[in-house]
Amino acid sequence: MTDFEGLKALVTGGASGIGRATAELLAERGAQVAVLDLDPSCVEKPLLGFRADVTDDTSVRAAVAGAAEALGGLDVLVNNAGIGAQGTVEDNDDDEWRRVFDVNVLGMVRTARAALPHLRRSAHAAIVNTCSIAATAGLPQRALYSATKGAVHSLTLAMAADHIREGVRVNCVNPGTADTPWIGRLLDRASDPAAERAALEARQPAGRLVSAAEVAGAIAYLASPLSGATTGTSLAVDGGMQGLRLRPVGQ
Ligand SMILES: NC(=O)c1ccc[n+]([C@@H]2O[C@H](COP(=O)([O-])OP(=O)(O)OC[C@H]3O[C@@H](n4cnc5c(N)ncnc54)[C@H](O)[C@@H]3O)[C@@H](O)[C@H]2O)c1
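Here the structure is a predicted model, which means the values were calculated and not measured. (Residues numbered from 1 in each chain as written. Predicted model: local features only at pLDDT ≥ 70, side-chain atom pairs only at ≥ 80, totals over all residues. Heavy atoms only, no water.)

Some details on the sheet that holds strand 5 (residues 125-130)
Right, on to step 1. Read from one edge of the open sheet, 7 strands run 3-2-1-4-5-6-9, paired in parallel fashion. Each of the sheet's edge strands pairs with one partner strand only, and the pair in question is strand 3 (48-51) and strand 9 (234-237). Geometrically, the sheet is characterised by an average inter-axis angle of 20 degrees between neighbouring strands, direction not taken into account.
Right, on to step 2. By the bridge criterion, 4 bridges tie strand 6 (residues 168-175) to strand 9 in an arrangement that is parallel. If you follow Val173 over to strand 9, its bridge partner there is Leu235.
Right, on to step 3. Here helix 2 (residues 57-71) sits on the sheet and contacts strand 1 (8-12), strand 2 (32-37) and strand 3; the angle it forms with strand 3, its principal contact strand, is near 160 degrees.
Right, on to step 4. The strands touched by helix 4 (residues 143-163) within the sheet are strand 5, strand 6 and strand 9, with strand 6 carrying the most contacts at an inclination of about 160 degrees. (Pairing = 2+ DSSP bridges. Helix = DSSP H or I, 4+ residues; strand = E, 2+ residues; numbered from the N terminus. Axes fitted to C-alpha atoms, helices over the stretch in contact; angles between N-to-C directions. Contact = heavy atoms within 4.5 Å.)

Here we look at helix 2
Right, on to step 1. Taking 1.5 Å of rise per residue, the 15 residues of helix 2 would be expected to cover 21 Å, and the 21 Å separating its terminal C-alpha atoms lies within 8% of that figure.
Right, on to step 2. Summarising the contacts, the buried residues of helix 2 are in contact with strand 1, strand 2, strand 3 and helix 3 (94-119).
Right, on to step 3. Downstream of helix 2 by a residue or two, Gly72 has a phi angle that is positive, lying close to 85 degrees. (Expected span 1.5 Å × (residues − 1).)

Considerations on the packing of aromatic side chains
Right, on to step 1. This model, assessed by the stated rule, comprises 2 aromatic pairs.
Right, on to step 2. Judged by centre distance (6.2 Å) and plane angle (15 degrees), the rings of Trp97 and Phe101 are stacked. Pair noted here: Trp97 and Phe101 are both in helix 3, with a separation of 4 residues, about one helical turn.
Right, on to step 3. Judged by centre distance (5.8 Å) and plane angle (65 degrees), the rings of Tyr145 and Trp182 are edge-to-face. Of the two residues, Tyr145 sits in helix 4 while Trp182 sits in helix 5 (residues 181-189), which places them 37 residues apart along the sequence.
Right, on to step 4. Taking the relative accessible area as the measure of exposure, Trp182 reaches 28% and is therefore partly exposed. (Phe/Tyr/Trp six-rings, centres within 6.5 Å; stacked < 30°, edge-to-face > 60°. Buried < 20%, exposed > 50% of the residue type's maximum accessible area, 1.4 Å probe, protein only.)

A few points about the site of the ligand
Right, on to step 1. Around the ligand, the structure places 28 residues, and the nearest of them are Ser16, Asp37, Tyr145, Ala178 and Thr180.
Right, on to step 2. Contact between the ligand and Lys149: an oxygen atom at 3.0 Å from a side-chain N or O atom of the residue.
Right, on to step 3. Between an oxygen atom of the ligand and a side-chain N or O atom of Thr180, the distance comes to 2.6 Å.
Right, on to step 4. When the free accessible area of the ligand is taken as 840 Å², the share hidden by the protein chains comes to 93%.
Right, on to step 5. Counting residues per element, the shell around the ligand draws most heavily on helix 5, which supplies 4 residues.
Right, on to step 6. In the shell around the ligand, the residues fall into 14 nonpolar, 10 polar and 4 charged.
Right, on to step 7. Looking at which domains feed residues into the shell around the ligand, each of domain 1 (8-175 + 210-235) and domain 2 (180-209) gives three or more. (Near = heavy atom within 4 Å. Polar contact = N/O pair within 3.5 Å; in protein donor to acceptor, adjacent residues only side chain to side chain. Areas by Shrake-Rupley, 256 points an atom, 1.4 Å probe, with all protein chains shown as cover. Nonpolar A, V, L, I, M, F, W, Y, C, P; charged D, E, K, R; others polar. Domains from an automatic or database assignment.)

Considering the environment of Ala160
Right, on to step 1. Checked against the element boundaries, Ala160 lands in helix 4.
Right, on to step 2. With a relative accessible area of 5%, Ala160 lands in the buried category.
Right, on to step 3. Sequence-wise, Ala160 and Val170 are 10 residues apart; in three dimensions their C-alpha atoms are separated by 4.7 Å.
Right, on to step 4. Discounting chain neighbours no more than four positions away, the residues touching Ala160 are Val170, Thr231 and Gly232.

Below, the structure written as structure tokens:
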């Protein structure tokens, strides 16, 4: 498919996991793609890597400007960089709350703010934010992380309203637990990684984790001119975790 032919895309957090799969898929479908990441050293041609920290406005502005200049404009922004946090409201101090909000929410604000002047010049402008099932379902031990993703969900709707008349669509994807290096790190820290993985798989009605490629496919759909009438939506990519209520097997 070449629905992205002639389009220019920037993917944050594009050096790993969902972001990496997305950058590669957009390039396969004809886009010219730049990656913004804390560590873009693994990014290979035809992708262009830009080093930036989404918590640092100066570095974000420099990377977005550099990407727009190298690509000759920007049509698509995938706001995907994010970090996790575990625990209840009792388990993280104020500094940790500020740090995770700074990456997961303000990070998207900074990249969007820097990219919008370029996106407004595009005939097919789209922003896709990586949100989470944690925005729409109460998951245990994820108070801080869920609060950031709830904010991303609301931010997506507000931005969609603000920018629709400028021709910029804004949507988000809500992945369930996705099999990325992030989850690998989480499992490594568990006392029984195999049992933890089995519990995460069982939590999703499909009985398995979501793949990074499946989330990338959903992001690509929302970023593509093929979804030109779709804005202000969240697309669940969660093996049925949000919407389905199955009976136990055999009942
Ligand atoms: N893996 C899951 O189960 C899952 C589920 C739902 C949502 N998500 C969301 O998907 C997104 C990507 O997650 P992933 O699983 O691919 O993680 P990952 O850890 O594999 O990749 C995250 C990337 O973001 C980059 N990054 C982190 N902080 C950054 C910063 N301050 N500035 C620039 N880059 C930064 C990292 O360097 C890394 O390349 C995140 O927003 C996450 O919240 C993940």
